[in-house]
Amino acid sequence: MTVFLSTLNQMAVLAIFMLAGFICQRIKLLPDSTATVLSRLETYLIMPAYILNTFISNCTPEILSERLPLLMWGAIVAVLSVAIAYPVGRAFSKEQPLKNIYRYSVAIANAGFMGNAVMLGVFGEEMLFNYMIFMMPLYVVIYSWGMVMLMPAGGERKNPLKNLINPVCISLVLGMLLGILSIQLPGFVTTVLSNTGSCMAPLAMLLTGFTIGTYSLKKLVADKKVYIISVLRLLVIPAFFALVLGLLKMDESYMPLAICAVAMPMGLNTVVIPAAYGEDTSAGASMALISSVLSIGTIPLVFAFLV
C-alpha cells in the first residue's frame, strides 16, 4: 500500500503537468512551435544535465563493479522486448509503416522521460542511478533498432548506429568517465547541472500534454486497437517480464528497475520521428494520449503488485 500511494502521488503530480501542457496548447497560450522547443530543451540540455550530475556523483569504479549485473539484466530485458515486438506488431497491423509503429510501441515504453521521473519520485536518487545503468542497453535499442522502426525506407535508415551519437548517450559516457576518473567540477557547475536537471520531469510532461493537445481528441480516442495495445503495454507486458525475470532468478532488488522500464506508457517518438519524414502521426499521438491517461492508474497498481 505504501508503494501504491507513493506511486499514485507521483503520477498525480506528473498528470497535472501534462494537463497544464494540454491546456496551454488548447487555449493557444503558447505558439505552435512550443513542442519543438520543449523537445529540444529536454533532449539537448535538461536530460543530459541530469544524467551528467547523477553519474559524476555516483559513478566510481567501486560502485560500477558492484552494478555490472544491472547491465546484464538490462540487456536481457532489451532483447526480450524486441523479440516479442515482432509477432505482436504483425498481429495489430500488416501494413507499413503502422506495423513498425506498433512494434516500437510494444518494445519500447516511455522509460526515459517518464520512467526517470517515476523512479526518482518513488524510490529516490540512488535507485534512479541504478535505473540509468539498467537502461543503457535499452538506450542502444532505442537509438538503433527503434529509430529504424520509425523511419521510412531509405535515408538515415541505412546507418542507424549513427543515432547513438546523441546528447543522452554522450552525457552517459561523459558522466561515467568523469566519475571513474574522480574529476571534480567547480561548485557552480554542479549547481547549474543540478538546477537544470530538476526541470526534467515537469518539462517532459508539459511536452507530452502540449503535443497531444495539437490533435483532435475525438479522433485520437476512436481507435479501439489503441486501447488494446495500451492495456498490453501497461499491464500484460509488465506481468510477463515479472514472471520471466522471476523464473530466471533475477535479484529481487532489481525488480523495480525492470518493471519501471516496461510499465511506462507509450512515448512521443512515434509522433516526433514520423513527423520529421512527413508520415502520418495520428496513430502515435493516439497511443501516447490513451496510454498516458491510463497509466495514472495502472502504474501504481503494477508497482504495488509486481514490485
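Keep in mind that this is a model prediction, so the values were computed, not measured.

The rules behind these values
Residues numbered from 1 in each chain as written. Predicted model: local features only at pLDDT ≥ 70, side-chain atom pairs only at ≥ 80, totals over all residues. Heavy atoms only, no water. Helix = DSSP H or I, 4+ residues; strand = E, 2+ residues; numbered from the N terminus. Buried < 20%, exposed > 50% of the residue type's maximum accessible area, 1.4 Å probe, protein only. Contact = heavy atoms within 4.5 Å. Areas by Shrake-Rupley, 256 points an atom, 1.4 Å probe, with all protein chains shown as cover. 1 Å grid on protein atoms, 1.4 Å probe; cavity = no way out; pocket = protein on both sides within 12 Å on 5 of 7 lines; lining within 4 Å. Points joined across faces, edges and corners; volume = space filled by probe spheres on them. Phe/Tyr/Trp six-rings, centres within 6.5 Å; stacked < 30°, edge-to-face > 60°. Expected span 1.5 Å × (residues − 1). Bend = angle between axes of the 7 residues up to and from the residue. Patch = residues over 30% accessible without salt bridge, like charges linked within 9 Å, V, L, I, M, F, W, Y side chains within 5 Å. Salt bridge = Lys/Arg side-chain N within 4 Å of Asp/Glu carboxyl O. Axes fitted to C-alpha atoms, helices over the stretch in contact; angles between N-to-C directions. Parallel < 35°, antiparallel > 145°, perpendicular 65-115°, else oblique. Left-handed = near helix turned anticlockwise from the far one by under 90°. Nonpolar A, V, L, I, M, F, W, Y, C, P; charged D, E, K, R; others polar.

Draft legend 1. Region of interest: the overall build of the protein chain. A tally of regular secondary structure across the protein chain gives 15 helices and zero strands. Based on the C-alpha atoms only, the size of the protein chain along its principal axes is roughly 50 × 50 × 45 Å. Out of the 307 residues belonging to the protein chain, those deemed buried represent 52%. By sequence separation, contacts in the protein chain at least 24 residues apart represent 85% of the contacts at least 6 residues apart. Surface accessibility of the protein chain: about 13800 Å² in total, with carbon and sulfur atoms responsible for 68%.

Draft legend 2. Looking closely at the layout of surface pockets. As a volume, the second largest pocket reaches approximately 180 Å³. Taken together, 13 residues line the second largest pocket, and the ones lying closest to its centre are Tyr50, Asn53, Thr54, Glu125 and Ser194. Put simply, the parts of the chain that give the lining of the second largest pocket at least two residues each are α2 (34–58), α7 (125–150) and α9 (187–197). A per-element tally of the lining of the second largest pocket places α2 first, with six residues.

Draft legend 3. Layout of the packing of aromatic side chains. Scanning the entire structure with this criterion turns up four aromatic pairs. Pairing Tyr86 with Trp145 gives two aromatic rings, centres 6.1 Å apart and planes at 55°, and the pair type is tilted. Of this pair, Tyr86 sits in helix α4 (residues 68–92) while Trp145 is found in helix α7, placing the two residues 59 residues apart along the sequence.

Draft legend 4. Representation of α2 within the structure. The terminal C-alpha atoms of α2 lie 34 Å apart, and with 25 residues this matches the ideal 36 Å at 1.5 Å per residue to within 8%. Along α2, the sharpest change in direction is near 45° and occurs at Glu42.

Draft legend 5. Representation of a nonpolar patch on the surface in the model. Among the surface-exposed residues, Val221, Tyr227, Val231, Leu235, Val236 and Leu294 lie close enough to one another that they form a single nonpolar patch of about 440 Å² accessible area. It is helix α12 (residues 224–247) that provides the largest number of residues to the nonpolar patch, a total of four residues. Within the secondary structure, Leu235 sits in helix α12.

Draft legend 6. Representation of the environment of Ile142. Of note, Ile142 is situated in helix α7. In sequence terms Ile142 and Ala78 are 64 residues apart; their C-alpha atoms lie 9.3 Å from each other. The contacts of Ile142, once residues within four sequence positions are left out, are Tyr104, Ile108, Met147 and Asn269.

Draft legend 7. Structural view of the packing of helix α5 (residues 98–107) against α12. Where α5 meets α12, the closest approach of the two axes is 10 Å, and the angle between their N-to-C directions is 25°. It follows from the interaxial angle that α5 and α12 lie roughly parallel. For α5 against α12, the interelement crossing comes out right-handed. Along the contact surface, α5 presents Tyr102, Ser105, Val106 and Ala107, while α12 presents Lys225, Ile229, Leu232, Arg233 and Ile237. Class assignment of the residues belonging to the contact of α5 with α12 gives a composition of six nonpolar, one polar and two charged.

Draft legend 8. Spatial organisation of unusual backbone geometry. Phi at Lys28 takes a positive value of approximately 60°, unusual for a residue other than glycine. Turning to its location among the elements, Lys28 is positioned in the loop between α1 (2–26) and α2. Lys28 gets classed as exposed once you look at its relative accessible area, which sits at 53%. Not every positive phi belongs to a glycine, and Lys249 is a case in point at roughly 65°. Residue placement: Lys249 occurs in the loop between α12 and α13 (255–263).

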